[in-house]
Amino acid sequence: GLGLCALLLWLLLGRRAVDAEDRLDYLRSRLETLTVVLQADAQGTEVLKVLDAEYAAPDLAPDVRSRALRLRGIVARNRKDPAGMNASYAEARRLLTAAIGEEDRPAYNGDEVTTVTLASLAADKLGETEEASELLASAERKIQRGRLNGVDDPFIYYNEAVLLAMRSEPDQALEKL
């Protein structure tokens, strides 16, 4: 009896973790579809309803929350609301820079490079060009470290392309893809 209860409890706790990860996957996918909705509704009325209902929780995973805030900033820009745009980008930048790992980590982490480039974009949108440049240089160092360690996967090419596009080098960016 006691062993069966312990097994049941262990299974329930494991299911809770799977449910939480499934929810995050759903929210990440939903963010991608919201950009399509924004194309049809430039004022972002429906997008804001979804962001308020599903992405406002302060305990949401930082990557999901920062992407939702970035989308909120795009809506604010479309509405010509600079205060709302700056507030969204500032919070997104705070979350992204807090998620950046240690510089001396030897392994290449594509998600970390993406986080750094997004933080750079948010800083640039706020007019913090020096911080944006430093973050972009950090992303470049992370990519170079990956290359030196033999990383050769599609995501490193994608991250290199993003980096070059952010540096206004579209031809070189396209060559990476």
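Residues numbered from 1 in each chain as written. Predicted model: local features only at pLDDT ≥ 70, side-chain atom pairs only at ≥ 80, totals over all residues. Heavy atoms only, no water.

Let us look at the overall build of the protein chain. Counting its regular elements, the protein chain contains eight helices and zero strands. Residues counted as buried form 34% of the 177 residues belonging to the protein chain. As presented, the protein chain carries roughly 10800 Å² of accessible surface, and 57% of it is formed by carbon and sulfur atoms. (Helix = DSSP H or I, 4+ residues; strand = E, 2+ residues; numbered from the N terminus. Buried < 20%, exposed > 50% of the residue type's maximum accessible area, 1.4 Å probe, protein only. Areas by Shrake-Rupley, 256 points an atom, 1.4 Å probe, with all protein chains shown as cover.)

Taken as a whole, the largest pocket spans an internal volume of roughly 520 Å³. Lining the largest pocket are 18 residues, and of these Arg-67, Asp-111, Thr-114, Thr-115 and Leu-118 lie nearest its centre. Of all elements in the fold, only α3 (62-78), α4 (82-99), α5 (110-125) and α7 (154-166) reach the threshold of two or more residues within the lining of the largest pocket. In terms of residue count, the dominant contributor to the lining of the largest pocket is α5 (seven residues). Looking at side-chain class alone, the lining of the largest pocket contains 10 nonpolar, five polar and three charged residues. Looking at the second largest pocket, its volume works out to about 180 Å³. (1 Å grid on protein atoms, 1.4 Å probe; cavity = no way out; pocket = protein on both sides within 12 Å on 5 of 7 lines; lining within 4 Å. Points joined across faces, edges and corners; volume = space filled by probe spheres on them. Nonpolar A, V, L, I, M, F, W, Y, C, P; charged D, E, K, R; others polar.)

The next thing to look at is the pattern of salt bridges. What the rule picks out here adds up to 11 salt bridges. For Glu-91, the salt bridge identified is with Arg-94, shortest N-O distance 2.7 Å. Here Glu-91 pairs with Arg-94, and both are found in helix α4, just three residues apart, close to one helical turn. Assessed through its relative accessible area of 24%, Glu-91 is described here as partly exposed. Residue classification places Arg-94 among the partly exposed positions, given a relative accessible area of 46%. Residues Asp-152 and Arg-147 are paired through a salt bridge, measuring 3.4 Å at the closest nitrogen-oxygen approach. Residue class for Asp-152 comes out exposed when judged on its relative accessible area of 55%. (Salt bridge = Lys/Arg side-chain N within 4 Å of Asp/Glu carboxyl O.)

Quick look at unusual backbone geometry now. The residue Lys-80 is not glycine, and still its phi comes out positive at about 60°. The residue Ser-168 is not glycine, and still its phi comes out positive at about 60°.

To continue, consider a nonpolar patch on the surface. A cluster of nonpolar residues, Tyr-158, Leu-174 and Leu-177, forms a patch on the protein surface that exposes about 380 Å² of accessible area. Given a relative accessible area of 49%, Tyr-158 falls into the partly exposed group. (Patch = residues over 30% accessible without salt bridge, like charges linked within 9 Å, V, L, I, M, F, W, Y side chains within 5 Å.)

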